[in-house]
Amino acid sequence: MAGYPGPEIREKFQAALALSRVELHKNPEKEPYKSKYSARALLEEVRALLGPAPEDDDERAADDGPGDQALGAAEPRDAEGPGEQRALRLAVIEFHLGVNHIDTEELSAGEEHLVRCLSLLRPFRLSLGCVSLYIQAQNNLGILWSEREEIETARSYLESSEALYNQYMKEIGSPPLDPTEHFLPEEERLTEQERSKRFEKVYTHNLYYLAQVYQHMEMFEKAAHYCHSTLKRQLEHNAYHPMEWAINAATLSQFYINKLCFMEARHCLSAANVIFGQTGKISATEDNPEAEGDVPELYHQRKGEIARCWIKYCLTLLQNAQLSMQDNIGELDVDKQSELRALRKKELDEEESIRKRAVQFGTGELCDAISAVEEKVRYLRPLDFEEARELFLLGQHYVFEAKEFFQIDGYVTDHIEVVQDHSALFKVLAFFETDMERRCKMHKRRIAMLEPLIVDLNPQYYLLVNRQIQFEIAHTYYDMMDLKVAIADKLRDPDSHIVKKINSLNKSALKYYQLFLDSLRDPNKVFPEHIGEDVLRPAMLAKFRVARLYGRIITSDPKKELENLATSLEHYRFIVDYCDTHPEAAQEIEVELELSKEMVSLLPTKMERFRAKMALT
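Notes on the structure follow. Computed from a prediction, not measured in an experiment: that's the story for all the values here.

Examining the side chain of T476
In this structure, T476 sits in helix 19 (residues 463-489). If near-sequence neighbours (up to four positions away) are discounted, T476 is found in contact with H443, R446 and I447.

Okay, here's the thing in structure tokens:
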């Protein structure tokens, strides 16, 4: 470094940095930015002591706009002369003033300082002394424009930072100076190792911000790639907050789950568990403020959130297996099951190559710890009840863990979603069960957990959730009734008990389907002439199932049976008439509509024959 500033400048600069690091809650309540304003005053004094910026460089005055896209033209030119060194130190001050103004919510002023910083550095941006500061300034401008929801501008700054980092590492490669070093004497400069650590941290932040920008732009593949790279680098450089890292890894698992990449999802969740276990167990550092204080509330919340990600993993893997093996009426297809068994060996043979392609977290002991968690969890689709039960029990374990934090008092919506996931786990497990009595018991467990939610919920405030639960309970009773009918069909002479049970389940299904349909009525209790798109299919399905349920009530009273057939016909006719006047509805329920048309044609004849028979008796 060509020379260094005098003691007054150095002392004021270091004092400003110290004040900038003071946490807001440590300031007076009525002056939350007191330390920031004091830091700003010192920075402005340093800027005045440094003197005006050199103005004889045409290149410095040129502004390439958001993000330097012509980085290939940048030469590794060093700022060696006194004027250039002054410009460099002024750029450091402009950077800190920019961050200071952003911290105090003065975004326009903050932007001006950061742009001025870039302008001063532009001729030397690829040099040892400037590259880190230049990237940091662009990163901060990227964040600023992202907060303004000007995502394209944010993306330009951040992609420019990434390109500059890659160009510097390719052409120069040695650890660059940290911006603070420009105010230190030669003997206090950082070691090469410390410089490298700080520069890599700057680049990791760049990747983290890019991941968020790509997510915002719905470029999900790219966002996941950058998120994964960020998490991997944070572990490599030991620069992470365990709780924050774990929740980010668990969130990333959801992307892989949606892509049906279960090995990668399992890896993210296993890593999340291992790293989350470090919370509070490692000493506090600048990179790990979590260790500084007791954070039980946040700890339990994050633990619950990671548990919910595990639930989704288990549930989606089970549901994917069901979709692969079910026939056209939703039952287990043994031929498809056999085909998948034959493919299992191939899937196992490919496991190692898949693992090599996947981005792995950690090395050494950390890698071993993550692998130990992974080995206890399957990632291949379960093919029978025992394999499905293993995943179900894991999912249920995390249901109980999630419910410890997400309780009905205070977290109504979250609690209900966890309970619905628990119900869905039982539902998909029942698919793998061949014993119909045991399947009924699983559905009964679902009813037992869902019905109390209806009692606790205020339908005025939780209308949509109420409808979801009503429909699910109705459908569960409907499935139980079908199972009991199938059991009765296998008996030579079903007794009165099973008939009574079938009718009881039928009645319960009708009750909840009707509650769902009644929730669609207006304040005057009138059913809508036009059903909203968001509830169209469930409403039509509810009408269809109500029609079918009335037709399946078992009664020895001919008059009552005729009434039930008339009610059934009324609901079938509603479906047909509604689809005639609303063609868009026909596309939602093609199969049910065809069956409804058939029943509208057949039922009147059946009812006439029934009346004739009654007249004779």
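What to know about a negative patch on the surface
A contiguous patch of negative charge on the surface is contributed by E533, D534, E584 and E588. By secondary structure assignment, the location of D534 is in the loop between helix 20 (496-518) and helix 21 (536-551). Relative accessible area serves as the criterion here: at 61%, D534 is assigned to the exposed category.

Notes on helix 7 (residues 151-171)
Under the 1.5 Å per step criterion, the end-to-end length of helix 7 is 30 Å for 21 residues, consistent within 8% with the ideal 30 Å. Contact partners of the buried residues in helix 7: helix 5 (107-121), helix 6 (131-147), helix 8 (192-216) and helix 9 (220-236). Just beyond helix 7, the residue with positive phi is G173, at close to 85°.

Notes on helix 19
Look at helix 19: 39 Å from first C-alpha to last across 27 residues, which is about the 39 Å you get at 1.5 Å a residue. Along helix 19, 21 of the 27 residues are buried, which leaves the element largely enclosed by surrounding structure.

Focus on the layout of surface pockets
Counted as a void, the second largest pocket has a volume near 1100 Å³. Taken together, the elements giving at least two residues each to the lining of the second largest pocket come down to helix 12 (296-325), helix 17 (412-432), helix 18 (436-456), helix 19, helix 21 and helix 24 (590-616). Classifying every residue of the lining of the second largest pocket by side-chain character gives 14 nonpolar, seven polar and ten charged.

Concerning the environment of P538
One can find P538 in helix 21. The class for P538 is partly exposed, based on a relative accessible area of 23%. Residues P538 and Q468, 70 residues apart in the sequence, show an inter-C-alpha distance of 9.4 Å. Every residue in contact with P538, bar those within four places of it in the chain, is listed here: F471 and F516.

Basis of the calculations
Residues numbered from 1 in each chain as written. Predicted model: local features only at pLDDT ≥ 70, side-chain atom pairs only at ≥ 80, totals over all residues. Heavy atoms only, no water. Helix = DSSP H or I, 4+ residues; strand = E, 2+ residues; numbered from the N terminus. Contact = heavy atoms within 4.5 Å. Patch = residues over 30% accessible without salt bridge, like charges linked within 9 Å, V, L, I, M, F, W, Y side chains within 5 Å. Areas by Shrake-Rupley, 256 points an atom, 1.4 Å probe, with all protein chains shown as cover. Salt bridge = Lys/Arg side-chain N within 4 Å of Asp/Glu carboxyl O. Lys, Arg positive; Asp, Glu negative; His and termini not counted. Charge placed at Lys NZ, Arg CZ, Asp CG, Glu CD. Buried < 20%, exposed > 50% of the residue type's maximum accessible area, 1.4 Å probe, protein only. Expected span 1.5 Å × (residues − 1). 1 Å grid on protein atoms, 1.4 Å probe; cavity = no way out; pocket = protein on both sides within 12 Å on 5 of 7 lines; lining within 4 Å. Points joined across faces, edges and corners; volume = space filled by probe spheres on them. Nonpolar A, V, L, I, M, F, W, Y, C, P; charged D, E, K, R; others polar.

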